[in-house]
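Topology and contacts: notes
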Amino acid sequence: MTNGLRMLPAALLAIAATGSAQPPPQKFDSNRAWEHLRRLVAVGPRPAGSPAIAQSRTYIKAELAASGVPVVEQAWDDQTPIGNVHLVNLVATIPGSSKDRIVVSGHYDTKLFREFRFVGADDGGSSAAFLIELARVLKSSRNPLTMELLFLDGEEARLPEWNGNDNTYGSRHYVEVAKRDGSLAGLKAMVLVDMIADRNLRIKRDANSTRWLTDIIWDTARRLHLDAYFAPAMTPIEDDHMPFLAAGVPSVDIIDLEYEAWHTPQDTLDAVSARSLQVVGDVVVAALPEIQKRLASQAR
Ligand SMILES: [Zn+2]
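This report concerns the structure included in the present document. The structure displayed is predicted, hence computed values, not measured ones.

Another aspect to go through is the sheet that holds strand S5 (residues 187-194). Read from one edge of the open sheet, six strands run S1-S2-S4-S3-S5-S8, paired in mixed fashion. Only two strands of the sheet have a single partner each, and these edge strands are strand S1 (71-80) and strand S8 (251-255). Neighbouring strand axes in the sheet, compared pairwise and without regard to direction, differ in orientation by 20 degrees on average. In terms of strand pairing, strand S3 (residues 98-107) meets strand S4 (residues 145-152) through eight bridges, oriented parallel. Bridge pairing in S4 links serine 98 to leucine 145.

Following this line, the structure appears as structure tokens:
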């Protein structure tokens, strides 16, 4: 037996349901993401507190506005081993049917190096460029949950080595504020992307991430025949998801830390590719509905 309506394309059904022509859901477009990456890298080194990171913020905000996605700044001053720094997270919101939300996050600062010019095409650039394009895509779809694109400042340590609290300034601040103002309760899951444009993309599972959320990402990659890029191997990673995990928020870090140009002058456009951004874009866009289904079944 068949239902005639089921034969209609989903887009037509959406028009029939609302009576108005909603534009069809957009696909993740790595050409657009690549252009954002190119523009961010062209700004130069973008360490926390620098005029250059303020310039990159202006760019990100303008691009989100062009997609019709409102963004607010979360600004504060923090103490670091090399003095006080002014930090700014950017919080872009796409309202869903529910106020409960999923955060998709990445850092947009680049690591401070004085001895060479570090533009962070992959490390800092890829995550920011990805989130700008993802905002455009999610804005075009109907989401059961609210989608929050969180651009984190100050992921990188200010000192050369990653030690103690001299890192993840933005994520720690965001979680502290969310605890204080009560908005943490509505945060149901966190998806973190970091260093996702490596030309030779191979992402391992992170041992610190939430198991079911990691499974959904890797299962989705397999379903899309992109499992060559999502390796079954596991390794523990400390990143911006740690403060969220500590606060009880299910979180997954999608990161390719096996990157030859990591924290070197070679982390430029030559070391990254649009194809890698497309792979992660396709997987995250396809995984978000699965994550929402899982959260809905948990809530029942
Ligand atoms: Zn880094």
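Structure shown, so let's carry the discussion forward.
Metal coordination angles in their ideal form are 109.5 degrees for the four-donor tetrahedron and 90 or 180 degrees for the six-donor octahedron. Protein coordination at the zinc ion: the donors are Asp123 (OD), Glu156 (OE), Glu156 (OE) and His263 (NE2), at 1.8 to 2.7 Å from the metal. For the zinc ion, the four donor atoms in the first shell make angles of 53 to 148 degrees at the metal, a pattern classed as irregular. Of note, the zinc ion draws all its donor residues from one chain, in the sequence arrangement D-x32-E-x106-H. Taken together, the residues glutamate 156 in the loop between S4 and helix H5 (169-181) and histidine 263 in the loop between S8 and helix H8 (274-299) connect sequence positions 107 residues apart. We note that glutamate 156, like histidine 263, is buried.

Rules used throughout
Residues numbered from 1 in each chain as written. Predicted model: local features only at pLDDT ≥ 70, side-chain atom pairs only at ≥ 80, totals over all residues. Heavy atoms only, no water. Pairing = 2+ DSSP bridges. Helix = DSSP H or I, 4+ residues; strand = E, 2+ residues; numbered from the N terminus. Axes fitted to C-alpha atoms, helices over the stretch in contact; angles between N-to-C directions. Donors = N, O, S within 2.8 Å, 3.2 Å for Na, K, Ca; no water. Tetrahedral: all angles 85-135°; square planar, octahedral: opposite > 155°, others 65-115°. Buried < 20%, exposed > 50% of the residue type's maximum accessible area, 1.4 Å probe, protein only.

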